[in-house]
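# Structure at a glance
Okay, here's what each chain looks like letter by letter:
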Amino acid sequence: MHVLTKTSTHNRWRTLPLSSISVTGGFWGHKQAVNHQASIPHGFRKLEASGNFNNLRLAAGGGVGEYKTPVFMDSDVYKWLEAVAYDLANGPDPEIQAMADTAIDLVEAAQMDDGYLNSYYQVLKPDRRWTDLAHDHELYCAGHLFEAAVAMHRATGDERLLNVSRRFADHVAGVFGPGKRDGAPGHPEIELALVELYRETGERRYLGLATFFVDQRGTGQMGGYGRWGASYHQDHVPVRDADTVTGHAVRQLYLTAGVTDLYLETGDATLLTAMERLWHDMTAHRMHLTAGFGARFTGESFGDAYELPSDRCYCETCAAIAALMWNWRMLLVKGEMQYADLLERSLYNGFLSGVSLDGHRYFYVNPLQSRGGIERPEWYGCACCPPNVMRLIAVVGHYAATVSDDGVQLHQYLASKVDTRGATGPQASFSVETDYPWNGDVRITIDDTDGAEWELALRVPGWCPGATISVNGEAVEGQFLGGAYATVKRAWQVGDLIELHLAMAPRLTAPNPRIDAVRGSIAVERGPLVYCLEAVDQADIDLLDVSVDPGAKMTDAWQADLLDGVVTVQIPGNVAEQGEWEGVLYLPAGVPAGTPAQTTRPVTLTAVPYYAWANRGPGAMRVWIPKKD
């Protein structure tokens, strides 16, 4: 998940080492504290209770009882270890370290003499390795191991997982490749992981193996899955020829992230052209307002263009994470605002709804409408999402800033310290203070610099109608509109204060009329946050009966005692009485009868951030609200 592009040659902007950005408080500081205190220890207990750790013990020749499926149980351990690595980078903790040591010991003990490591095959199918790449996740699990190993090495210097990973990667490279066995993973993940392992070790065989797996796609080797055919695995056309995002959403988006990684290292323009084409298709035709992805429960898949239901969508938490990872890589390549904006939309909405405020419960599926009865469970039989959430929250500071030869770029606004000293580019450190996303005020103080001239680029999000900037109390001239980076270039001095103000107020958003599911509705947004109505806030009103007047004036208010502190939005609306519709689904329409009338009464509706829904019980919720006739 942490991407280090200091030696990459085909990027506009470069990332910073883990130690260069630290979250110091504010919104994300609180989320990281909950992740550290609640989620990561909770994950350790659940991995033990669910059998993940025992599977590794069985593979090592110990353990008790039966092997627990599904086939990819090892990957949950690796994602959790990656989360632990980032958490330890934020500060040492002997108890968390002891948990990590327990898990690492199990991984080391389970690895076979030839480097192979997959507890499912070692225990249940020892003679069937690499025989079902389409469905059995061997390479997927390997990829998550490699990511965890790189993270642990960067965060703590611990080489144990890295040594395990290099042995396993060498084994995989001995099996697959030109002149060896053909094949590609049914669930992409190893592609991006091999590129990161290459970045960490300098071993070019890993980069070559990632290229090989990408080039193997589109040859029909996977045979497809059920009625979806080869598109389920993104195996229907070669990667360079793909023009639509399709199939299993998480698989598609991990693949595009890995392909973009390959472009960063190789400069293969045909790969970038394909990624630009797929990104446009996704954002123009197949993305929910929350930056949730996957319209269909069946196949956990993308749907047709404009097929974006609110109540029956899938929008898996892992898909939002994968999209965020892809957008980060596209931003590094192209340096264009649209990728940072979509990363933000995923981060605050499609991703963050996946975890409860207390850090103990998780959504796998994230609908935009619920009629009630939906709650986050503490864990899943298929528990890919919880440790994925943990690792992103632990490393969220990584997405705040980048560096170039002559400047520093701020992409996400979170209370933090950023240190570019030692990187190629400006030699400086600075502190960021903000209450974002609740208001648009950002204060940046230069803590150290060598006095050289460099450019500070500040993202003015696309949702923002305009921004103002001052340096040491003096306004910076210029018109800073949303959808671009505002830049200030000067010879900075220690103590310089840059103040950015992003105009932030509630706004209404309309859907493309081709989205049948929400035609005639509008949604409420404020800053980077999508809002929703929850029944618990509406005083016995059925959310199926509400409508809003798009011309009415909305107001907002900070409520410190609600949902860990949120800004709520008050919306003048109406609630309809059933009238003639009571107990009836259909009535005659048209002249002369007309549409049966409904009486309405005015109400004030209260909206809360979508990410916080279902933290006060399993009541009804909706994002899209019908417009008043």
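So, how was this worked out
- Residues numbered from 1 in each chain as written.
- Predicted model: local features only at pLDDT ≥ 70, side-chain atom pairs only at ≥ 80, totals over all residues.
- Heavy atoms only, no water.
- Phe/Tyr/Trp six-rings, centres within 6.5 Å; stacked < 30°, edge-to-face > 60°.
- Helix = DSSP H or I, 4+ residues; strand = E, 2+ residues; numbered from the N terminus.
- Buried < 20%, exposed > 50% of the residue type's maximum accessible area, 1.4 Å probe, protein only.
- Lys NZ or Arg CZ within 6 Å of the ring centre and 35° of its normal.
- Disulfide = S-S within 2.5 Å.
- Pairing = 2+ DSSP bridges.
- Axes fitted to C-alpha atoms, helices over the stretch in contact; angles between N-to-C directions.
- 1 Å grid on protein atoms, 1.4 Å probe; cavity = no way out; pocket = protein on both sides within 12 Å on 5 of 7 lines; lining within 4 Å.
- Points joined across faces, edges and corners; volume = space filled by probe spheres on them.
- Salt bridge = Lys/Arg side-chain N within 4 Å of Asp/Glu carboxyl O.
- Parallel < 35°, antiparallel > 145°, perpendicular 65-115°, else oblique.
- Left-handed = near helix turned anticlockwise from the far one by under 90°.
- Contact = heavy atoms within 4.5 Å.
- Nonpolar A, V, L, I, M, F, W, Y, C, P; charged D, E, K, R; others polar.
- Expected span 1.5 Å × (residues − 1).
- Polar contact = N/O pair within 3.5 Å; in protein donor to acceptor, adjacent residues only side chain to side chain.

### Looking at the packing of aromatic side chains
- Inspection of the entire model under this criterion finds 29 aromatic pairs.
- For the ring pair Phe27 and Tyr611, a centre distance of 5.8 Å and an interplane angle of 85° mean the geometry is edge-to-face. Placement of the pair is Phe27 in helix H1 (residues 26-49) and Tyr611 in the loop between strand E19 (600-609) and strand E20 (621-622), with a sequence separation of 584 residues.
- By relative accessible area, Phe27 is classed as buried at 11%.
- Connected via pairs of aromatic rings, a cluster forms that spans Phe27, Trp28, Tyr348, Tyr413, Tyr436, Trp438, Trp558 and Tyr611.
- Positioned above the aromatic ring of Tyr116 is the side chain of Arg129, whose terminal nitrogen or guanidinium carbon lies 4.1 Å from the ring centre.
- The residue whose ring lies beneath Arg490 is Trp492, and the NZ or CZ to ring-centre distance is 5.3 Å.

### Quick word on the state of the cysteines
- Summed over all chains, the structure comprises zero disulfides.
- Cysteine Cys315 is unpaired, with the sulfur of Cys313 as its nearest cysteine sulfur at 3.8 Å.
- As a non-bridged cysteine, Cys318 has Cys385 as the owner of its nearest cysteine sulfur, 3.5 Å distant.

### Here we look at the sheet that holds strand E4 (residues 407-410)
- Taken together, the four strands give an open sheet; going across it, the order is E3-E4-E8-E11, and neighbouring strands pair in mixed fashion. Strand pairing shows two members of the sheet lacking a second neighbour, strand E3 (401-404) and strand E11 (484-491), which therefore form its edges. For this sheet the average axis-to-axis angle between neighbouring strands, irrespective of direction, equals 20°.
- Sheet topology places E3 next to E4; four bridges connect them, and they run antiparallel. Along E4, the bridge assignment pairs Ser404 with Gly407.

### What to know about the layout of surface pockets
- Roughly 250 Å³ of volume is contained in the second largest pocket.
- Met287, Leu289, Leu308, Asn512 and Ile515 are the residues nearest the centre of the second largest pocket, which is lined by 17 residues in total.
- With three residues, helix H11 (residues 269-285) is the largest single contributor of residues to the lining of the second largest pocket.

### A few points about the environment of Ala552
- Relative to the assigned elements, Ala552 resides in the loop between strand E16 (546-548) and strand E17 (555-559).
- Remark: the alpha-carbon pair of Ala552 and Gly573, spanning 21 residues in sequence, is separated by 8.3 Å.

### Details of the pattern of salt bridges
- Here the structure, examined in full by the defined rule, presents 42 salt bridges.
- In this structure, Glu203 and Arg205 form a salt bridge, with 3.4 Å as the shortest nitrogen-oxygen distance.
- Note on Arg205: relative accessible area 43%, which makes it partly exposed.
- Between Asp419 and Arg421 there is a salt bridge whose closest N-O contact spans 2.8 Å.
- We classify Asp419 as partly exposed; its relative accessible area is 22%.
- Residue classification places Arg421 among the partly exposed residues on the basis of a relative accessible area of 42%.

### Section: the packing of helix H8 (residues 190-201) against helix H9 (residues 204-216)
- In the contact formed by H8 and H9, the axes pass within 7 Å of each other and the chain directions differ by 165°. With respect to H9, the axis of H8 lies roughly antiparallel. Considering how the two elements wind past one another, H8 and H9 form a crossing that is left-handed. Listed contacts from H9 to Ile190, Glu191, Leu194, Val195, Leu197, Tyr198 and Thr201 of H8 are Arg204, Tyr206, Leu207, Leu209, Ala210, Phe213 and Val214.
- Per-class residue counts for the contact of H8 with H9 are eleven nonpolar, one polar and two charged.

### Digging into helix H7 (residues 160-175)
- Along its 16 residues, H7 runs 23 Å from first to last C-alpha, staying within 8% of the 22 Å computed at 1.5 Å per residue.
- Buried within H7 are the following residues: Leu161, Leu162, Val164, Ser165, Phe168, Ala169, His171, Val172, Ala173 and Val175.
- Elements that come into contact with the buried residues of H7 comprise helix H3 (73-90), helix H4 (94-110), helix H6 (138-156), H8 and H9.
- At the exit of H7 stands Gly177, carrying a positive phi of roughly 135°.

### Brief notes about the packing of helix H12 (residues 317-334) against helix H14 (residues 385-394)
- Where H12 meets H14, the closest approach of the two axes is 9 Å, and the angle between their N-to-C directions is 35°. Between H12 and H14 lies a crossing of left-handed hand. Across from Thr317, Cys318, Ile321, Leu324 and Met325 in H12, the residues of H14 making contact are Cys385, Asn388, Val389, Arg391 and Leu392.
- Among the residues making up the contact of H12 with H14, the classes are represented as seven nonpolar, two polar and one charged.

### Concerning the side chain of Asn52
- Within the element layout of this structure, Asn52 appears in helix H2 (residues 52-59).
- Within the structure, Asn52 has its side chain in polar contact with the backbone oxygen of Met73 (distance 2.9 Å).
- Those residues in contact with Asn52, other than ones at most four positions away along the chain, are Lys46, Leu47, Met73, Asp76 and Val77.

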